[in-house]
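# Architecture at a glance
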Amino acid sequence: MNTISSISAFHRLLSLPEPKHPLVSVINLSESIFLEDEVWKGFVNRFYCVALKRDAKGKIRYGQQHYDYDKGVLSFTAPNQVQYLDWHNMECGSGYLLIFHEDFLLKHPLANTISGFGFFSYAVNEALHLSEDEENNLIDILHKIDKECQYIDRHTQEIILSQIDLLLSYSNRFYERQFITRKNNNHQLLVKFERFLNHYFDDEQSAEKGLLTVHQIAEAMNLSPNYLSDLLRIHTGQNTQQHIHEKLINKAKEKLSTTDLSVSEIAYILGFEHSQSFSTLFKKKTKMSPLEFRQSFN
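Residues numbered from 1 in each chain as written. Predicted model: local features only at pLDDT ≥ 70, side-chain atom pairs only at ≥ 80, totals over all residues. Heavy atoms only, no water.

### Quick notes on the sheet that holds strand β7 (residues 74-77)
For clarity, the cut-off: If DSSP finds at least two bridges between two strands, the strands pair. To qualify as a helix, a DSSP run of H or I must reach at least 4 residues; to qualify as a strand, a run of E must reach at least 2; elements of each kind are numbered from the N terminus. All axes here are fitted lines through C-alpha atoms, helices being fitted over the stretch that makes contact, and every angle between N-to-C directions spans 0 to 180 degrees. The criterion used for residue contact is that any of the two residues' heavy atoms lie within 4.5 Å.
Strand order in the open sheet formed by four strands is β2-β9-β4-β7, and the pairing between neighbours is antiparallel. The outermost strands of the open sheet, each flanked by one partner alone, are β2 (24-28) and β7. Here the strands of the sheet are splayed against their neighbours by 15 degrees on average, with no regard to which way each runs. Relative to β7, helix α4 (residues 156-181) is tilted by about 115 degrees, and along the sheet it contacts β2, β4 (47-54), β7 and β9 (94-101).

Right under this line is the structure:
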């Protein structure tokens, strides 16, 4: 697998001169030409990419997802994800790429908080569609970053990362709006999610399948784990793991109050390998042990 390890290497692959800063760059797509290079057939890079684009065309595979490069206006990719690009049919169009190396975040709070922006792991068919004012606002931020790249001193990292943080915060707002405005489609996903949970915990064979995980349910719904959690959080106030725990605790309460099954048997039925793990979670969520809950019904 090919690795694009530096901003300079990426510039060369887009027929661009050396970047102003070794760890961050704002690329004007109208000035870029993808070189015919074998690297595009399968590569990972070491930097984050925020693409703000118009009239772009082409096919890319990012992680396990295939998508059209021309869908949406604003899209995101994270470091160390396998990508495949059909450069023969790529048209850059107009717009900008903000790329910043993962090392540029070192010793800055954004290094810890950037993982909270779930859109870096979304398929780009969920790219943002922006109004003209919103797009111009982000372009202004990109211009400030580009200008600051000319001044490499002890203030540069802090100033640029504060602008990147601002751009990502705006993007987060736009994503939440996009979730909310897609009510019909999202309603169908929420119904599908609820049906999956009910079926899983009602299945007599669930014990053999083990404890339900966020990745299992996301894969079954053909969504990324982060996307599913953000969708649920915005519409229900809880992420995927919280929903799983809620359903699991409700099933446990049902078994404890209506059957004579032991705590260990109930834990096994719900998919726990160790009953102590079940008891710990139950007490954390209800402030009572499973036996104390059962006794409250006697």
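Next comes the rest of the account.
### Let's talk about the environment of I160
Note the threshold: Type-normalised accessible area, obtained with a 1.4 Å probe on protein chains alone, sets the label of each residue: buried when under 20%, exposed when over 50%, and partly exposed for intermediate values.
Inspection of the secondary structure assignment puts I160 in helix α4. Look at I160 and you get buried, because its relative accessible area is 0%. C-alpha of I160 to C-alpha of V24: the two residues are 136 residues apart in sequence and 8.8 Å apart in space. Setting aside residues up to four positions removed in sequence, I160 forms contacts with V24, F104, I145, E148 and C149.

### Remarks on the environment of T236
The condition is simple: Contacts described as polar in this section are N or O atom pairs within 3.5 Å, which, within protein, must combine one atom able to donate a hydrogen with one able to accept it, while residues neighboring in sequence count only if both atoms come from side chains.
Relative to the helices and strands, T236 is located in helix α8 (residues 225-236). Taking the C-alpha atoms as reference, T236 lies 9.4 Å from L190; in sequence the two are 46 residues apart. Excluding residues within four positions of it along the chain, T236 makes contact with L190 and H243. Here L232 takes part through its backbone oxygen, which lies 2.5 Å from a polar atom of the side chain of T236. At 2.8 Å, the side chain of T236 and the side chain of H243 are in polar contact.

### What to know about helix α11 (residues 275-286)
Each turn of an α-helix holds 3.6 residues, which means side chains three or four residues apart point in the same direction. Short version of the rule: Helices are assigned an expected span. That span is 1.5 Å times one less than the residue count. Summarising the geometry, the arc corresponds to the directions from the helix axis toward the C-beta atoms.
Here α11 spans 16 Å end to end across 12 residues, near enough to the 16 Å set by a 1.5 Å rise per residue. For α11, the full list of buried residues reads F278, S279, L281, F282 and T286. Buried positions in α11, seen along its axis, are confined to an arc of 165 degrees and lie on one side of it. For α11, the exposed residues set more than 90 degrees away from the buried face come down to Q276 and K284. Looking at the packing, one finds that the buried side of α11 touches α9 (240-258), α10 (263-269) and α12 (290-295). Positive backbone phi, at 70 degrees, marks K287, one or two positions downstream of α11.

### Some remarks on the pairing of β2
β2 sits mainly inside the fold: four of its five residues count as buried. Bridge count between β2 and β9: five bridges; the pairing is antiparallel. Directly across from I27, in β9, lies its bridge partner L97.

### Some words on the environment of D86
Secondary-structure assignment places D86 in the loop between β8 (83-85) and β9. Using a relative accessible area of 26% as the deciding quantity, one classes D86 as partly exposed. Sequence separation of D86 and E36 is 50 residues, and the distance between their C-alpha atoms is 9.9 Å.

### Digging into the packing of aromatic side chains
Threshold: Think of it this way: a Phe, Tyr or Trp ring, Trp meaning its six-membered ring, pairs with another when their centres are within 6.5 Å, and the plane angle makes it stacked under 30 degrees, edge-to-face over 60, tilted otherwise.
Inspection of every chain in the model, using the stated rule, returns 18 aromatic pairs. With a centroid separation of 4.2 Å and 35 degrees between ring planes, the pair formed by F76 and F119 is classed as tilted. Of this pair, F76 sits in strand β7 while F119 sits in the loop between α2 (110-113) and α3 (132-148); the two residues are 43 residues apart in sequence, bridging distant segments of the chain. There is no split in this pair, since F76 and F119 are both buried. A network of ring pairs unites the aromatic residues Y48, F76, F100, F117, F119, F120 and Y175 as a single cluster.

### Structural notes on the nonpolar core
Note the threshold: Only buried residues count toward a nonpolar core. Its members are Ala, Val, Leu, Ile, Met, Phe, Trp, Tyr and Cys residues joined through side-chain atoms within 4.5 Å.
Counting 34 residues, the largest nonpolar core has L98, F100, F120 and L168 as the members making the most contacts within it. Those elements giving two or more residues to this core turn out to be β2, β4, β7, β9, α3 and α4. In this structure, L223, Y227, L231 and I244 belong to the second largest nonpolar core, which totals 30 residues.

### Regarding the confidence of the model for the protein chain
Quick note on the threshold: pLDDT measures how confident the predictor is about each residue, on a scale from 0 to 100.
For the protein chain, the average pLDDT comes to 84, and 86% of its residues sit at 70 or higher. In this model residues 67-71 is a low-confidence stretch, pLDDT under 50, and it forms 24 contacts with partners more than four residues away in sequence or in other chains.

### Comments concerning unusual backbone geometry
Leaving glycine out, the prevailing phi sign among residues is negative, and the prevailing peptide bond configuration is trans. We note that K107 has phi near 65 degrees; this positive angle belongs to a residue other than glycine. Note on placement: K107 falls in the loop between β9 and α2. One non-glycine residue, N222, lies in positive phi territory at about 60 degrees. The residue N222 is located in the loop between α7 (214-220) and α8 in this model.

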